[in-house]
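Chain by chain, the residues:
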Amino acid sequence: MARFRDKKKKGFVKPVVKKNLKNVDHITGDKVPKSFVFARGKLPAVLRQLQMDLRKLMLPFTALKLKEKKRNSLKDFLNVAGPMGVTHFMILSKTTTGPYLRVARTPQGPTLTFKVKDYTLAVDVARSQLRPRCPQDLFKNPPLIVLSGFGTGEQHLKLATIMFQNIFPSIDINTVKLSSCQRIVLLNYDKETKLIDFRHYSIRLEPVGVTRRLRKFVQNHQVPDLRNLQDVSDFVTKAGYGSESEGDEDAATVTLSNDMGRVNRASTKSAVKLQELGPRMTLHLIKIEEGLCTGGVIFSEHGDGDKKKPESKEGGTAGNAAGNEDDEGITGEGEESETDDYEDANGDDNEMSEDE
């Protein structure tokens with residue numbers, strides 16, 4: 001009979017688990033804000049592309065390939081958000097009056113509801129530019145956030161400021177690396193129109209006094225074509241078209257503390273230039289709710305909903321009428337389909353609990 005050799009038993013080696021420091025903000029000590037960008041209801045193809053643009057904008061702390069189904073309710077996303085450390089929801093929806101964007105803090109709110117007045121996709125922004133710029137490592141770091149015009153002292157603008165500031169990781173100007181600051185999100189509030197301009201730019205540094213020919217030569221390491229030139233000095237001193245040196249005098253200049261790439265060196269002046277990436281949106285804040293897409297109305301563009309609640313205690317019919325007036329005041333005339341989305345979400349949650 002054949003003999004079977006005894007296999008040597010290897011001892012159990014405990015795997016070394018490395019702590020992911022990226023999940024903790026080294027400045028505040030809190031969790032790094034992460035987001036889900038998804039839709040409620042059926043969206044047309046254009047808004048689906050806007051949803052993908054928003055996901056790309058929120059990189060790297062977002063789910064770029066998040067898959068959603070029609071039967072998914074808001075409770076399903078909330079159950080997944082906890083274990084994954086998701087702190088914010090950005091929800092797109094479409095009604096008969098136009099598209100809406102809700103920005104909510106998980107798990108207990110508040111929720112800011114914006115009406116998207118105008119929007120432009122990132123593809124359309126790139127097509128309008130002569131030289132679109134999108135490096136491969138552009139989305140490896142989160143963008144910076146700049147708020148303008150929000151310091152009016154109004155309560156709803158303070159809540160909007162806190163929400164937008166906390167949706168992106170905070171930075172320490174003393175320890176931040178300049179190479180990680182490659183994108184910026186700009187929000188500008190207009191007091192007269194009460195509209196918010198939403199813009200997304202890439203940050204580009206160019207050394208002052210250096211032509212575009214030399215910059216390309218240093219960056220690409222390609223041998224230039226000197227056949228039509230008499231001397232090498234002609235390549236250096238020859239003036240090209242206007243884009244080679246335009247903006248050096250008008251653009252804001254900074255003195256770098258460390259090197260950035262092959263062209264921008266420390267202790268030298270560089271011009272800061274912004275190039276739009278998209279998407280581009282014009283938002284109108286119409287409602288703020290206490291909870292996650294539910295709860296009392298803190299702010300409403302068409303009137304304070306909390307003031308109408310005591311009047312609804314007079315009777316059931318009066319209460320229903322007041323509730324309908326609140327819905328119309330919050331969403332505007334002919335925008336009842338937005339409240340239907342909330343009812344559908346609550347209905348799905350109830351059906352889910354009955355199945356359990």
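Please refer to the structure placed before this passage.
In this text the structure is predicted, and so the values were computed from the model without any measurement.

1. Quick look at the pairing of strand β7 (residues 195-207)
Move 1: Counting buried positions along β7 gives 10 out of 13 residues, so the element sits mostly inside the fold.
Move 2: Bridging between strand β6 (residues 183-190) and β7 involves 8 bridges; their strand directions are antiparallel. Across the sheet, the residue bridging to Arg183 is Ser202, located in β7.
Move 3: Relative to strand β10 (residues 280-289), β7 runs antiparallel, the two sharing 3 bridges. Bridge pairing in β10 links Asp197 to Thr282.
Move 4: As judged from the 7 bridges shared by β7 and strand β9 (residues 269-276), these two strands associate in the antiparallel manner. Directly across from Ile203, in β9, lies its bridge partner Leu274.

2. A look at the packing of aromatic side chains
Move 1: Taken as a whole, this structure holds 5 aromatic pairs when the rule is applied.
Move 2: On the numbers, 6.1 Å between centres and 5° between planes, the contact of Phe36 with Phe89 is stacked. Of the two residues, Phe36 is situated in strand β1 (residues 35-39) and Phe89 in strand β2 (residues 88-94); the sequence distance between them amounts to 53 residues.
Move 3: A relative accessible area of 3% places Phe36 in the buried class.
Move 4: Grouping aromatic residues by their ring pairs yields a cluster made of Phe36, Phe38, Phe77 and Phe89.

3. Re the pattern of salt bridges
Move 1: With the rule as written, the count across this model stands at 5 salt bridges.
Move 2: Ionic pairing is found between Glu68 and Arg55, a salt bridge with its closest N-O pair at 3.3 Å. In this pair, Glu68 sits in the loop between α1 (45-57) and α2 (74-84) while Arg55 sits in helix α1, placing the two residues 13 residues apart along the sequence.
Move 3: Linking Glu301 and Lys194 is a salt bridge whose minimum nitrogen-to-oxygen distance equals 3.9 Å. Taken together, the residues span a long stretch of sequence, with Glu301 in the loop between β11 (297-300) and α7 (316-331) and Lys194 in the loop between β6 and β7 at a distance of 107 residues.
Move 4: Salt bridges sharing common partners tie together Arg48, Arg55 and Glu68.

What counts, and where the lines are drawn
Residues numbered from 1 in each chain as written. Predicted model: local features only at pLDDT ≥ 70, side-chain atom pairs only at ≥ 80, totals over all residues. Heavy atoms only, no water. Buried < 20%, exposed > 50% of the residue type's maximum accessible area, 1.4 Å probe, protein only. Helix = DSSP H or I, 4+ residues; strand = E, 2+ residues; numbered from the N terminus. Pairing = 2+ DSSP bridges. Phe/Tyr/Trp six-rings, centres within 6.5 Å; stacked < 30°, edge-to-face > 60°. Salt bridge = Lys/Arg side-chain N within 4 Å of Asp/Glu carboxyl O.

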